[in-house]
Amino acid sequence: MWLSTLLAATLLSITASSSPTSNHTYTNPILPGWHSDPTCAHVPEHNTTFCATSTFIAYPGLPIYASKDLQNWKLASNAFNRPSQIPDLRNTTDQQGGIYAPTLRYHNGTFYLIVTYLGTDIQGLLFTTTNPYNNSAWTDPLVFTVTGIDPDIFWDDDGTVYVTSANSGSSSGNHIQQYSLDLTTGATGPIHNLWNGTGGSSPEGPHIFRKDGYYYLMIAEGGTELGHSETIARSRFRTGPWEAYPRNPLLTNRNTTQYFQTVGHADLFQDSVGDWWAVALSTRSGPAWKNYPMGRETVLAPARWEEGEWPLVQPVRGVMSGPLMSEDRGIAVGEGGWIDQPDRVDFDPGSAIPAHFVYWRYPRTENFVVSPEGYPNTLRLTPSFNNLTGTPAFKPDDGLTLVMRRQTDTLFTYSVDISFDPQVNGEEAGVTVFLTQEQHIDLGIVLLQNNLSFRFRVEGRGNYDGPLPGQTISVPKEWQADTIRLEIQAVNDTAYAFAAAPSRNPGHKKVIGWADTRIVSGGSGRFTGALVGVYATKNGGAGSTPAYISRWRYQGQGQEIDYGRIVPSWTKSVASFEA
């Protein structure tokens, strides 16, 4: 079936690619919301580009997105989709630990996804598949001894496979290093120091390209903050000596007033008609770099790479123009939907939790049941002992009853209906904007001193230096016998409104609290981005009352692509309205 599907896709792509490309206007980011450290591989025979991003300790991880037009992106699969692939994730304490900076490549019919896992030990992992549209087709990883972080995989002309990684911050200095890798055994060969960059801090994120008789080595420098940049060097020989590009950096927005900042950690690929493109991470923050709740997102920039010359990449902007194919959503396979489509999840009997939903480390699967007996079209949440923050005694494997999706829009409305009748003081169920266990904003329905209450509270402050909000008010008596709708709305690019209403009469909505988006910007989540979702907890007590979640809705309303310039989330049009 996979082969027949690909054959059909190939015939369609041949037809599509026969149409000449022309410059079209598009907007960044192409993968909005938390999608850091992007890497892409184009498969010419199917006229499809596949991209992967980092996920740290979120699960499932390593999402694979597919696109035929570089504008519309569909979740094809999650390469990391079962605990057996990385058992140690359940023990990872670091909120920014886990899976760092993958490289995705396609070679002789197989997709290779190589990555560093930072847990109790640092490991190199190599996942493979011949079907990127199916979770189960991704292998358990080949584990190898990685040197440093951010591994790249490269096949030399003689077929030898090399890993290039960053030994940044080690006691021996900052180096980009390379060594061979046996794809059968995981054995690695001698280490060669290649290049330490142009003098910027933290040389990392290397990618090797072979073109026109040269080896090109592209890396990130300057750290992943405002000094972030992408530089490149080349050599006639694999191990050097390396000639730096005279006009480095190849790509950056540092020392500018641009809305898109921290541009770097890039990758290059060539599409089916020979045009080159770069993807990179970026934050929509401006140089103030204070307000960026969605964290590091994936942006696309047109590139040129003439024979024997250095590549040239256009600077990243919110509105760009490049040689795009006509819009094409002709991908009918895959585990998930299009990245810009709204959520309308009703937890139908027999359905699974959607592929784009994520947990914080591994979930206790028995705590998440779709349409349990007697409660159709609900998700039953059995409360976890710990709340979202936990206590000093919290162990990662204790698990959190928490399921989320990425905030993918500057402006959005998210809501769920909650049926919850707590019996023991401290039992709570609610909604959250979550960055890490140390930074989140929650609105819960909680039993306190035998009084059913709405509790709005904040953990951490991120880049926000004002007074932190929080309050507790009683749930109106007339609401208590029915399902309650909880809502989070990004009303502008700096504020979330948390509200509640009786589900049968949503017009009676009450705003319970407001929160600044800087609370979930930076801080303990400097590499990640905001997630929105639902939780249930005993708050360390003895309760066990489940919460029943229904009518999960997420609707993006607008993307800010420059200061005060917002485009509708549901269209690629750049006709904007003022924020």
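Preceding block: the structure.
Caption draft 1: Geometry of the pattern of salt bridges. Scanning the entire structure with this criterion turns up 18 salt bridges. A salt bridge links Glu 428 to Arg 455; the shortest N-O distance between them is 2.9 Å. Of this pair, Glu 428 sits in strand β31 (residues 428-436) while Arg 455 sits in strand β33 (residues 451-459); the two residues are 27 residues apart in sequence, bridging distant segments of the chain. Here the two residues Glu 428 and Arg 455 agree in accessibility, since each one is buried. Arg 518 is the salt-bridge partner of Asp 516, the closest N and O atoms lying 2.9 Å from each other. Residue Asp 516 is classed as buried on the basis of its relative accessible area, which comes to 15%. Put simply, Arg 105, Asp 152 and Asp 267 are held in one network by salt bridges that share partners.

Caption draft 2: Region of interest: the packing of aromatic side chains. For the coordinates displayed, the defined rule picks out 31 aromatic pairs. The interplanar angle of 85° and the centroid separation of 4.8 Å between the aromatic rings of Tyr 216 and Trp 305 together place this pair among those described as edge-to-face. Taken together, the positions of Tyr 216 in strand β16 (residues 214-221) and Trp 305 in the loop between β22 (297-304) and β23 (312-313) put the pair 89 residues apart, joining distant regions of the chain. A residue is classified by how much of its surface remains accessible, and Tyr 216, at 0% relative accessible area, is buried. For the pair Trp 289 and Tyr 292, a centre-to-centre distance of 5.0 Å together with 15° between the ring planes defines the contact as stacked. Neither Trp 289 nor Tyr 292 differs from the other in exposure class; each is buried. Taken together, the aromatic side chains of Phe 209, Tyr 214, Tyr 216, Tyr 245, Trp 276, Trp 305 and Trp 310 make up a single cluster linked through ring pairs. The ring of Tyr 215 is capped by Arg 210, whose NZ or CZ atom sits 4.0 Å from the centre of that ring. The cationic tip of Arg 236 hangs over the ring face of Tyr 214; the distance from NZ or CZ to the ring centre is 3.8 Å.

Caption draft 3: Region of interest: the nonpolar core. Ranked by size, the top nonpolar core spans 90 residues in total, and within it Tyr 414, Phe 454 and Tyr 496 carry the most contacts. Counting 40 residues, the second largest nonpolar core, distinct from the first, contains Val 263, Leu 268, Val 299 and Val 313.

Caption draft 4: Local environment of the sheet that holds strand β11 (residues 149-155). The sheet built from four strands is open, its strands ordered β11-β12-β13-β14 with antiparallel pairing. Strand pairing shows two members of the sheet lacking a second neighbour, β11 and β14 (192-195), which therefore form its edges. Sheet twist, expressed as the mean angle between neighbouring strand axes with direction ignored, is 30°. Pairing of strand β13 (residues 176-180) with β14, which is carried by three bridges, proceeds in the antiparallel orientation. The partner of Gln 178 across the bridge, within β14, is His 192.

Caption draft 5: Representation of a nonpolar patch on the surface in the model. Together, Val 491, Val 511 and Trp 514 line one region of the surface with nonpolar side chains, adding up to about 270 Å² of accessible area. Inspection of the secondary structure puts Val 491 in strand β35 (residues 484-492). Among the residues examined, Val 491 registers a relative accessible area of 33% and is labelled partly exposed.

Reading guide: rules and limits
Residues numbered from 1 in each chain as written. Predicted model: local features only at pLDDT ≥ 70, side-chain atom pairs only at ≥ 80, totals over all residues. Heavy atoms only, no water. Salt bridge = Lys/Arg side-chain N within 4 Å of Asp/Glu carboxyl O. Helix = DSSP H or I, 4+ residues; strand = E, 2+ residues; numbered from the N terminus. Buried < 20%, exposed > 50% of the residue type's maximum accessible area, 1.4 Å probe, protein only. Phe/Tyr/Trp six-rings, centres within 6.5 Å; stacked < 30°, edge-to-face > 60°. Lys NZ or Arg CZ within 6 Å of the ring centre and 35° of its normal. Core = buried A, V, L, I, M, F, W, Y, C linked by side-chain atoms within 4.5 Å. Pairing = 2+ DSSP bridges. Axes fitted to C-alpha atoms, helices over the stretch in contact; angles between N-to-C directions. Patch = residues over 30% accessible without salt bridge, like charges linked within 9 Å, V, L, I, M, F, W, Y side chains within 5 Å. Areas by Shrake-Rupley, 256 points an atom, 1.4 Å probe, with all protein chains shown as cover.

Just distances and angles here, no functional claims.
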